[in-house]
Amino acid sequence: MKIIENVSLKNLNTFKIDVKAKFFCEVTNKEDILELSDEGFFKKKWIILGGGSNVLFLDDFDGIVIKNRISGFEELLKDEEKVIIKANSGELWDVFVDYCVTNSFYGAENLSLIPGTVGASPIQNIGAYGTEVSEIIFSVEYFDIKSKSFRTIEKSLCEFGYRESIFKNDLKNKTIITSVNFKLSVKPNYKLIYKPLSDIFADKEKRSLSEIRNKIIEIRTSKLPDTDVFGNAGSFFKNPEITPDEFERLKREYPDIVSFKTESGNVKISAGWLIEKTGLKGFKKGNVGTYNQQALVILNFGGAKGNEIIQFSEFISAEVLNMFKINLTPEVNIIY
Ligand code: FAD
Ligand code: EPU
């Protein structure tokens, strides 16, 4: 494995922030990770990158950036009900979804076209269109930096929540996910709670995995910006959760507020709607702005520095706080 110095990260993060890594390498297997460990790289500053689609670099990275290229899928078990697939962490997420759809494995299709890698999918428990990846995760395999050993953690211990997991909390900066084991159904099993999907696919005759995948791809490409055109990392903030009492107060003042009930009894508010209501949808300042079709996405119009994006995001959240008394929390991982 080659370790190179002074490498530009501009094409390795979808925000297209032009920073450099002091050291850079690509890992293609578990031995490469052990080699980095033996050479002491984990005792200094390090980060593993998948597709770079959920990070915001503030500055040059004064340590080693490890690009994940550990690839491959393996069918571990299959019976009349289910299949268990081991997918290595450097595989592209959407290549995995396509593989599942092609092989008639049910459960990943609603998550079509989410950028990034398999290995990052458990970290923020990626979700879209009524599905979260935790619903199909069986277990996660990782390298434990401290003990220098490979371990497996069962799904029940992963502390999955909305855009949350143990990997963003207790295990942050302590692990490298090497593969994820997924449990999918081999019998037809569709998740159609997202209204546009249930409307179209209410008729059983019209349903198929590939039809659903194609519909999701169509919706996503119409709503979300192409990272090749404008740097971005998808939703910059999480949708905030508030109590039913707070919600009643807001609903009286803003009857058209967009909200969803959560399992815990709280109410999730559309952060895009909040931002739009402050008048900042499509707002641009310097090289940075909100997307004019989805206010929750912050765009780098070219040449923006990480700090410019942070300042812009702080301005947005201050306006939302001022108008609604709601704090927005970034979803994107800020890298110092
Ligand atoms: P990276 O950005 O490379 O890394 C993210 C974080 O995970 C970093 O802290 C990194 O160090 C860590 N990490 C990455 N790989 C590993 C590993 N193997 N082991 C340990 N740590 C690791 N997200 C959603 O949930 N739903 C969406 O619908 C969605 N839509 C998006 C649309 C667009 C246009 C964009 C740009 C992003 C979107 N995202 C969405 C966010 C993003 O795609 C996901 O968070 C994705 O899982 C990030 O994967 P990645 O490989 O690019 O991670
Ligand atoms: N809305 C507005 N104005 C906007 C944006 C949204 O009013 O500018 C309202 C609309 O009523 C719209 C509703 O909010 O119908 C929901 O919007 P959308 O379907 O775009 O979903 P979201 O809540 O903004 C979340 C995820 C996305 C995921 C979509 C689809 C978060 C933080 N974001 O966005 O994930 O793709 O749902 O399920 O939960 C990401 O995490 O990066 C991401 C893109």
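Residues numbered from 1 in each chain as written. Chains lettered and ligands numbered in written order. Predicted model: local features only at pLDDT ≥ 70, side-chain atom pairs only at ≥ 80, totals over all residues. Heavy atoms only, no water.

### Some details on the nonpolar core
Nonpolar side chains tend toward joint burial in soluble globular proteins. Membership of the largest hydrophobic core comes to 46 residues, with the highest contact counts inside it found for Leu56, Phe57, Ile275 and Ile309. When residues of this core are assigned to their parent elements, the largest contribution, 6 residues, is made by helix H7 (residues 306-324). Shared between two domains, this core takes at least three residues from each, and those domains are domain 1 (4-68) and domain 3 (241-335). Residues within four places of leucine 56 in sequence aside, it is in contact with Phe15, Ile17, Phe236, Gly306, Ile309, Ile310, Val332, Asn333, Ile334 and Ile335. Within the second largest apolar cluster, 38 residues are counted, among which are Phe96, Val101, Leu171 and Ile216. (Core = buried A, V, L, I, M, F, W, Y, C linked by side-chain atoms within 4.5 Å. Buried < 20%, exposed > 50% of the residue type's maximum accessible area, 1.4 Å probe, protein only. Helix = DSSP H or I, 4+ residues; strand = E, 2+ residues; numbered from the N terminus. Domains from an automatic or database assignment. Contact = heavy atoms within 4.5 Å.)

### Considerations on the pattern of salt bridges
Scanning the entire structure with this criterion turns up 15 salt bridges. Across the pair glutamate 141 and lysine 86 runs a salt bridge, and its minimum N-O distance is 3.2 Å. With glutamate 141 in strand E10 (residues 137-144) and lysine 86 in strand E7 (residues 82-88), this pair connects stretches of sequence that are 55 residues apart. Residue lysine 86 is classed as buried on the basis of its relative accessible area of 18%. In this structure, aspartate 256 engages lysine 277 in a salt bridge whose closest nitrogen and oxygen atoms are separated by 3.3 Å. Residue aspartate 256 is located in the loop between helix H5 (244-253) and strand E14 (259-261), and its partner lysine 277 is located in helix H6 (residues 271-277); the two are separated by 21 residues in the primary sequence. Owing to a relative accessible area of 34%, lysine 277 belongs among the partly exposed residues under this scheme. A single network of salt bridges, built from pairs that share partners, joins Asp94, Asp98 and Arg213. (Salt bridge = Lys/Arg side-chain N within 4 Å of Asp/Glu carboxyl O.)

### Points about the pairing of strand E18 (residues 294-300)
Of all 7 residues in E18, 6 are buried, a share of seventy percent or more. The pairing of strand E17 (residues 288-291) with E18 spans 4 bridges and is antiparallel. The residue of E18 that forms the bridge with tyrosine 291 is glutamine 294. Two successive antiparallel strands, E17 and E18, enclose a turn made up of 2 residues. (Pairing = 2+ DSSP bridges.)

### What to know about the packing of aromatic side chains
One pass over the full model with this rule turns up 22 aromatic pairs. Here tyrosine 129 and tyrosine 194 contribute two aromatic rings whose centre-to-centre distance is 4.8 Å and whose plane-to-plane angle is 80 degrees, an arrangement assigned as edge-to-face. Of this pair, tyrosine 129 sits in the loop between strand E8 (127-128) and strand E9 (131-132) while tyrosine 194 sits in the loop between strand E12 (175-185) and helix H3 (195-201), and the two are 65 residues apart along the sequence. A relative accessible area of 22% means that tyrosine 194 is categorised as partly exposed. (Phe/Tyr/Trp six-rings, centres within 6.5 Å; stacked < 30°, edge-to-face > 60°.)

### Focus: the site of ligand 2
Close to ligand 2 lie 21 residues, the nearest being Tyr129, Tyr162, Glu276, Gln294 and Glu331. Take tyrosine 129: an N or O atom from its main chain is 2.8 Å from an oxygen atom of ligand 2. Alanine 295 places a polar main-chain atom, nitrogen or oxygen, 2.8 Å from an oxygen atom of ligand 2. Taken together, the elements giving at least two residues each to the shell around ligand 2 come down to helix H4 (209-223), H6 and E18. Of the residues assigned to the shell around ligand 2, the class counts are 8 nonpolar, 6 polar and 7 charged. Three or more residues apiece are contributed to the shell around ligand 2 by two domains, here domain 2 (73-222) and domain 3 (241-335). (Near = heavy atom within 4 Å. Polar contact = N/O pair within 3.5 Å; in protein donor to acceptor, adjacent residues only side chain to side chain. Nonpolar A, V, L, I, M, F, W, Y, C, P; charged D, E, K, R; others polar.)

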